[in-house]
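Chain residues, written in single-letter form:
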Amino acid sequence: MHVTASHLYLTELIGLVVYDLRGRRIGKLQDAAVLPAMDPARVDRFLVGSSGGWTWLSIRHDQVASISLDGIRLRDEVLTPYHADEYMLRLVRDLLDQQIIDAQDRKVVRVTDVTFLIRDGRELAVQEVDIGLRAVFRRLFQGVFPPKWIRKLQSPISVNSIRWEYSNILEEDPQRRLRLNISTKLLEKMHPADLADIVEELGPDDRGALFEAMEPETAAGALTELEPDVQASILENLEAERAADILEEMAPDEAAAALSEVEEETSAEILEEMEAAPMTEVRELLEFDEGTAGRLMSTQYSAVPVGLTVGDALELLRNEDSMEESNLLFVVDSAGRLDGAIPLARLLGRPLTTPLSELSLDTLIQGTADMDEAQVIELFDKYNLLCLPVVDEEGMLLGAVMAHEVISLLREQGR
Amino acid sequence: MIRSIRHHLLVFFSVIGPGFITAVVDNDAGGIFTYSQAGARYGYLPLWTLMPITLLLIVTQEMCSRMGAVTEKGLSDLIREEFGLRTTFLMLAALVAANLMNVMANFAGVASSLELFGVSRYLSVPVAVAAVWLLIVKGTYASVEKVFLFACALYVCYIVSGVLVKPDWKEAALYSVKPVLLFEPGYLQMLIGMVGTSVAPWMQFYLQAAIVEKGVTAKDYAESRIEVIVGCVVMSAIASFIIVACAGAIWSVKPQDIADATDAAKGLKPFGDWAFTLFCAGLLNASFFAACILPLSTAYTVCEGLGFESGVNRSFKEAPIFYWLFTGLIIVGGGVILIPGFPLVKMILFSQVINGVLLPFVLIFMIQLVNKERVMHDWRNNAAYNLVAWTAVVLMIGLTLALVALTVRGVFA
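Residues numbered from 1 in each chain as written. Chains lettered and ligands numbered in written order. Predicted model: local features only at pLDDT ≥ 70, side-chain atom pairs only at ≥ 80, totals over all residues. Heavy atoms only, no water.

Caption draft 1: Representation of the overall build of chain A within the structure. Within chain A, the regular secondary structure consists of 18 helices and 21 strands. Relative to its length of 415 residues, chain A is extended, with a C-alpha radius of gyration of 30 Å against a globular reference of 22 Å. If one aligns the C-alpha atoms of chain A with their principal axes, the spans along those axes are about 95 × 45 × 40 Å. Long-range contacts, defined as pairs at least 24 residues apart, comprise 58% of the intrachain contacts of chain A with a sequence gap of at least 6. When the accessible surface of chain A is summed, it comes to about 20400 Å², and 47% of that surface belongs to carbon and sulfur atoms. Charged side chains of chain A number 39 positive and 78 negative; the gap between the two group centres comes to 18 Å. (Helix = DSSP H or I, 4+ residues; strand = E, 2+ residues; numbered from the N terminus. Rg over C-alpha atoms; globule rule 2.2 N^0.38 Å. Contact = heavy atoms within 4.5 Å. Areas by Shrake-Rupley, 256 points an atom, 1.4 Å probe, with all protein chains shown as cover. Lys, Arg positive; Asp, Glu negative; His and termini not counted. Charge placed at Lys NZ, Arg CZ, Asp CG, Glu CD.)

Laid out in structure tokens, this is it:
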């Protein structure tokens, strides 16, 4: 009897009998491997436990004549023994029961089974990773009932699977990751906050591996969104150089906040590895005590000298990208002392010749760097602020506290 | 120095919860009955067993919490990764069965403790079921934990009722440190029962999951370890007060067997309404508390191990299996109490058998996992600790299997 089906499950594939050219039984299939560097989905190797032999045999995909539920038939005589040190993604060993990231639904899932597409009756391509109850059912009764029964019995249970293209494999060993060509491209398209949620779900090992592998920019985005203690544990487990690369991509205040949770010795090492400019900024921010406005503030604000017109200001700001967070443009005197603040919205639709001084806020609300967090919150509440400039004792502009920092702070306190 | 002490205290209070709650819930309706029975029948003699029990408990709980902190994964997660799905499934199936019967036992505890105050079980059980469901489904982890910690504090009822009975403290102190072995079947059976009920499979899963949920990491593990130890000691202290109360109130009048925990409460009546009321309140609190934690922990463990969405912060639609399991456990667990003539005692004995059969597997998996380099890195057991751990595990397994044998014999006799 011949079963015609366009797909096959890993649970069905494992244990299939392999026959040679003359129809003699060689052994049973033990594992199947993908070589992502060659082809992301095609099953490249079939590993067969030969009857009576100690070692497994490794069968290349082009040595297979046909694959079906009835077994695997070969079309080549020359089979090589399998070496455990070969770089391949073995589906049973490396994928089954392990966690992967579902990049489409943005969550961490555990692999229960794998669905293959049968191409031309002789090639398998990984199509989906199965996670739901249906796959659990198949696993439990694999080898207990014949596959055809299992296929019938499982049909009322709904399918729950992830397309292979959206499955991001987690590989802890950097060498294997490189050789297997496992990329983190899928993650780089995600919103940093979503990525951070995923990272929080992972264990420290996978987390570390991910932060090793991601582009520093992506890693920095995700790190910014994480809870302080998770940030610290990630930074402490990374190589100092790698940690420095990531911190350089972060806003200095965020970098300082993350570093302040890290043990002193490690944080000194990381700072050592950072480039001079961001390092000095982070160092300066770390000078402020925890729980003060100095620690809360961002140093990414825009300031222009006194005495300009709207046109001058727009010209100056044309190439600034630090305006995204703040709603205020600060005006400073020649010594750097804060002189005034202008809501950015007021710049719109004014003649270019309007002097900036006409647009300034009547009352300038400002905080000092050593001001307590509680006072900062009070100011935000009292004056309905979106942004609070922070100055030192001499009135020099140091940075600005943004509303989103205050929201995070309040949420933390509410917990 | 002062700053560092303050820092440690702060961290300690921020990690308090999982270890403490797990150990204290161990004194659920079943545990209270076991200790009451021990005190009523043998007086102060069994007190010494609490010391080795505490040690055994500390060793197993410590390994679990360490695994949780280091891997940030639950126990069923780790078992699945290392031992495969089928093993995990069989284990979880046994766990669900045992826990369901434990849930029944605890709803029975709610019913019988309130019946002593004249509240019908047809009122108390449905209310308790609804209360458990609402608390868990509508609460957040942090708020639920606060409720649980408050419930832990209510165990002080037992301490007060123990004091009110005015037991013989000198004798209690003496027998707390003086091991007495009587070679009579009843005494041995009681000792085995005390040890066997003290470490249950669900505790290992719950503790590790709670440590992960709480976000304890390897870094603040030192404080977490202290918390686990303190929890185990507190659990023993409560158990000793239960034994002492029953020894003072029942055994000193006439050594006798009791049928359930409410019998013990009735025995306290001659020592004043307060002693009686507090003992009942303690039983109610413990039963309700366990009826919350057991179904919740079961649902978490199963979904985690089989890879289904879980967590009370997800909606019913997102995590259907989690919610159905949780809801099913409390409705069935509470519902059977209302069926007249339901063989509850048999069920509870049966759950002891399942627990006993399951425990060796869980403990052996644990000890293997905690020694895996790939899983634990530098946090594996060292040789000396392994010796202690294996001794504890073997002892625990032996005593649990002995309890199973006694139970099975008792059911068929």
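More follows now that the structure is in view.
Caption draft 2: Expanded view of empty space enclosed by the protein. All names here are of chain A. Taken as a whole and assessed by the stated rule, the structure comprises one cavity of 30 Å³ or more. When its volume is computed, the largest cavity comes out at roughly 60 Å³. Looking at the largest cavity, the residues that line it are N168, I169, L170, E171, R177, I182, T184, D206, A209, L210 and A213. Of all the elements in the fold, those that place two or more residues in the lining of the largest cavity are β15 (167-169) and α8 (204-213). (1 Å grid on protein atoms, 1.4 Å probe; cavity = no way out; pocket = protein on both sides within 12 Å on 5 of 7 lines; lining within 4 Å. Points joined across faces, edges and corners; volume = space filled by probe spheres on them.)

Caption draft 3: Highlighting the sheet that holds strand β12 (residues 113-119) of chain A. All names here are of chain A. Taking strand neighbours across the sheet as the criterion, the four strands line up as β1-β12-β13-β14 in an open arrangement whose pairing is antiparallel. On the outer flanks of this sheet lie β1 (7-9) and β14 (161-163), each paired with one strand and no other. Strand after strand, the sheet turns through a mean of 40 degrees between neighbouring axes, direction not considered. Pairing analysis gives three bridges linking β1 to β12, with the strands arranged antiparallel. Considered in β12, the bridge of Y9 is made with T115. Across the sheet, helix α3 (residues 133-141) touches β1, β12 and β13 (123-130), and the angle it forms with β12 is around 85 degrees. (Pairing = 2+ DSSP bridges. Axes fitted to C-alpha atoms, helices over the stretch in contact; angles between N-to-C directions.)

Caption draft 4: Here's a closer look at the packing of helix α4 (residues 50-71) of chain B against helix α13 (residues 221-251) of chain B. All names here are of chain B. Interaxial distance between α4 and α13 falls to 9 Å at its minimum, and their mutual angle equals 150 degrees. By the angle class used here, α4 and α13 are roughly antiparallel. Here the hand of the crossing between α4 and α13 comes out right-handed. Contact residues: α4 offers L50, T54, L57, I58, Q61, E62, S65, R66 and A69, while α13 offers Y221, R225, V228, I229, C232, V233, M235, S236, A239, S240 and I243. Counted by class, the contact of α4 with α13 contains twelve nonpolar, five polar and three charged residues. (Parallel < 35°, antiparallel > 145°, perpendicular 65-115°, else oblique. Left-handed = near helix turned anticlockwise from the far one by under 90°. Nonpolar A, V, L, I, M, F, W, Y, C, P; charged D, E, K, R; others polar.)

Caption draft 5: Up close: the pairing of strand β3 (residues 25-34) of chain A. All names here are of chain A. Counting buried residues in β3 gives seven out of ten residues, a clear majority hidden from the surface. In the sheet, strand β2 (residues 17-19) pairs with β3 via three bridges, with the strands oriented antiparallel. By the bridge assignment for β3, V17 is matched with K28. As consecutive antiparallel partners, β2 and β3 are separated by five residues, and within that stretch G23 has a phi angle of approximately 80 degrees, a positive value. Pairing of β3 with strand β4 (residues 43-50) involves seven bridges; the strand directions are antiparallel. Within the sheet, the bridge partner assigned to D31 lies in β4 and is L47. As paired strands, β3 and strand β9 (residues 89-90) are joined by two bridges and run antiparallel to one another. Counted as the bridge partner of V34 is L89 from β9. (Buried < 20%, exposed > 50% of the residue type's maximum accessible area, 1.4 Å probe, protein only.)

Caption draft 6: Focus on the environment of T353 of chain A. With respect to the helices and strands, T353 of chain A occurs in the loop between β18 (338-343) and β19 (367-368). For T353 of chain A, a relative accessible area of 64% translates into the label exposed.

Caption draft 7: Quick look at the interface of chain A and chain B. Between chain A and chain B, the residue contacts involve 28 residues of the former and 22 residues of the latter. Each partner contributes to the roughly 1900 Å² buried at the junction of chain A and chain B, and carbon and sulfur atoms together form 46% of this total. Considering only the side of chain A, the residues that lose the most area to chain B are D97, R110 and L140 of chain A, jointly responsible for 30% of the buried surface there. There are seven salt bridges connecting chain A and chain B. Note that D97 of chain A is salt-bridged to R80 of chain B, the shortest N-O span being 2.5 Å. Where chain A packs against chain B, one counts twelve residue pairs in polar contact (both at pLDDT 80 or more). Broken down by secondary-structure element, the contributors of at least two residues to the side of chain A that touches chain B are β11 (107-110), α3, α8 and α10 (228-237) of chain A. Broken down by element, the side of chain A that touches chain B gets its largest block of residues, five residues, from α3 of chain A. (Buried area = accessible area lost by both parts, 1.4 Å probe. Salt bridge = Lys/Arg side-chain N within 4 Å of Asp/Glu carboxyl O. Polar contact = N/O pair within 3.5 Å; in protein donor to acceptor, adjacent residues only side chain to side chain.)

Caption draft 8: Looking closely at the side chain of T34 of chain B. Inspection of the secondary structure puts T34 of chain B in helix α3 (residues 29-42). When neighbours within four sequence positions are excluded, T34 of chain B is seen to be in contact with G193, M194 and T197 of chain B.

Caption draft 9: Local environment of a nonpolar patch on the surface. Residue and element names in this part refer to chain B. Together, V156, V160, L164 and W274 line one region of the surface with nonpolar side chains, adding up to about 380 Å² of accessible area. Mapped onto the fold, V156 is located in helix α9 (residues 156-164). With relative accessibility at 44%, the residue V156 sits in the partly exposed group. (Patch = residues over 30% accessible without salt bridge, like charges linked within 9 Å, V, L, I, M, F, W, Y side chains within 5 Å.)

Caption draft 10: Structural detail: the pattern of salt bridges. This structure, assessed with the given rule, holds 36 salt bridges over all chains. In this structure, E62 of chain B engages R225 of chain B in a salt bridge whose closest nitrogen and oxygen atoms are separated by 3.2 Å. Within this pair, whereas E62 of chain B is found in helix α4, its partner R225 of chain B is found in helix α13, the two being separated by 163 residues in sequence. The class of E62 of chain B is buried, set by a relative accessible area of 3%. A relative accessible area of 33% places R225 of chain B in the partly exposed class. Between R314 of chain B and E309 of chain B there is a salt bridge; the shortest N-O distance is 3.0 Å. When salt bridges with common partners are traced through the structure, they connect R42, D44, R45 and E86 of chain A into a single cluster.

Caption draft 11: Region of the structure containing the sheet that holds strand β20 (residues 387-391) of chain A. Residues and elements named next belong to chain A. Taken in spatial order, the three strands line up as β19-β20-β21 in an open sheet, and their pairing is mixed. Each having just a single partner strand, β19 and β21 (397-402) make up the two edges of the open sheet. Sheet topology places β19 next to β20; two bridges connect them, and they run parallel. Counted as the bridge partner of T368 is V391 from β20. This element, helix α17 (residues 373-383), spans β20 and β21 of the sheet and lies at about 135 degrees to β20.

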